[in-house]
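Residue-level structural notes
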Amino acid sequence: MRPGSAVSTRGRPTVLLVLAAVLLIARVGTGIYDARHPPPLGGLVKWRAPDDAAATAEGKPVLYDFSAAWCEPCKRMEREVFANPESAALIDASYVAVRVADEDQSAAAKALRARHRVDSLPTLVVQPAGEGEPRRLEGYAGRGSVRSFLKRALEAKQPTMPPLPELEGRDKN
Amino acid sequence: MSFAVLRALIVATWRERLLRPLFGGLCLVFCFSEISAARLTHELQDPVLILTLLIGAGSVGKDVSSGVLPLLFTRPLVRSRYVLAKWLAVGSAVTVLTALTLLGEALVLARADLGVPRAEVTAAIFQSASTVFGISSVLVFFSVLLSSFADALLWIGLSVVPQIGHRFVGQRIAEEWQAFLYPSLEWSATFDHPVAWFRVFSYFSTVTLCLCLAVLAVNRKELSYASG
């Protein structure tokens, strides 16, 4: 090899640097855009209020969404799940959806938070129609995990009530 | 010529990583345990994190501590190619292992009449592959800075921080921190209409930034047997 013709082994990764810079700018740009264009409040799901007594009287399982306006994962779930037409259709068709916002300090909201022992946000709780045990999903790990949780909660077998014992002799008393 | 060098480095890394009895055995045991777990839980188990840490730990740092790197850099090898080869080798090896594990899980579930839709399996493989290449880029960057397997320890230590500190540093910072350490693309959350461009750019900017920093750090490294 002639002196001076050697290629430097420490070449600056120009293409990679430019690509990283462009992607970083795009990341900041889309982040700002997303922050300025939040999804419509409530997404596409028809939410009920916590004190909506009719919610439990439709024979459908009830989906409680415990969330807050200040909670970033809740906003992501809002954008990716509740504002998605497919997911919203699945929820509206199979569940009675009740939103319990952290800002809601009504007695009904407080009672629901206490009953389901909510200590982290977001939390989804599915209360089956009837007497089944509620199922819950804490945190947000992507749309896929929420969808499979909602499907599993629907597929879960409803516990059957044991037959009432014969009340023989009751009439005799 | 350059592709031949890249390929040789990738194959050498595969051999070094997968043919070590301890690590290769651990990976196999872990893959089979995930398949068994899928049978018990009736859903796909993602083995990506443990496999990436097992195979990706010390990808560059081990070469430094064992004295391979000073020897390698006496040859006319472009350092950026070395870094890219390490990243591609770890990423491809773990992606193949993860994909085989997920397919094995899908097969086991299908035989138990709990079949997972093909689209769900494909989406799981895509997400795993994106996670593997994402975490590998972060590990390669850490591995350039630290010797031996300290990169994996640093990654584990740093990933605990947002779990503990999100109440103090704020949810948003904790989330960004997590996104840096665990870059991943979930298919449905990213590409269903409307496309989540922020997620796409976040992922690729993290990967390219880590690789850039790794190359710049390797370029600045002065290696000799005397420097240890």
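Because the structure is a prediction, the values reported are computed rather than measured.

The next subject is the interface of chain A and chain B. Each partner contributes to the interface: chain A provides 28 residues, whereas chain B provides 33 residues. At the boundary of chain A with chain B, total buried surface from both sides reaches about 2700 Å², with 56% on carbon and sulfur atoms. At the boundary of chain A with chain B, the tally comes to one salt bridge. A salt bridge links A:Arg27 to B:Glu176; its shortest N-O distance comes to 3.1 Å. Linking chain A with chain B are eight residue pairs in polar contact (both at pLDDT 80 or more), by the criterion used here. The set of elements that each furnish at least two residues to the side of chain A that touches chain B consists of helix 1 (14–36), helix 2 (72–82) and helix 5 (143–155) of chain A. The element that contributes the greatest number of residues to the side of chain A that touches chain B is helix 1 of chain A, accounting for eleven residues.

Time to look at the pattern of salt bridges. According to the stated counting rule, one finds six salt bridges over all chains in the structure shown. Of the charged contacts, one joins A:Arg99 and A:Asp65 as a salt bridge, the two residues approaching to 2.8 Å between their closest N and O atoms. With A:Arg99 in strand 2 (residues 96–101) and A:Asp65 in strand 1 (residues 62–67), this pair connects stretches of sequence that are 34 residues apart. Relative accessible area serves as the criterion here: at 15%, A:Arg99 is assigned to the buried category. Here B:Arg17 makes a salt bridge to B:Glu16, at a shortest N to O gap of 3.5 Å. Residues participating in the shared-partner salt-bridge network are A:Asp65, A:Glu78 and A:Arg99.

Parameters at a glance
Residues numbered from 1 in each chain as written. Chains lettered and ligands numbered in written order. Predicted model: local features only at pLDDT ≥ 70, side-chain atom pairs only at ≥ 80, totals over all residues. Heavy atoms only, no water. Contact = heavy atoms within 4.5 Å. Buried area = accessible area lost by both parts, 1.4 Å probe. Salt bridge = Lys/Arg side-chain N within 4 Å of Asp/Glu carboxyl O. Polar contact = N/O pair within 3.5 Å; in protein donor to acceptor, adjacent residues only side chain to side chain. Helix = DSSP H or I, 4+ residues; strand = E, 2+ residues; numbered from the N terminus. Buried < 20%, exposed > 50% of the residue type's maximum accessible area, 1.4 Å probe, protein only.

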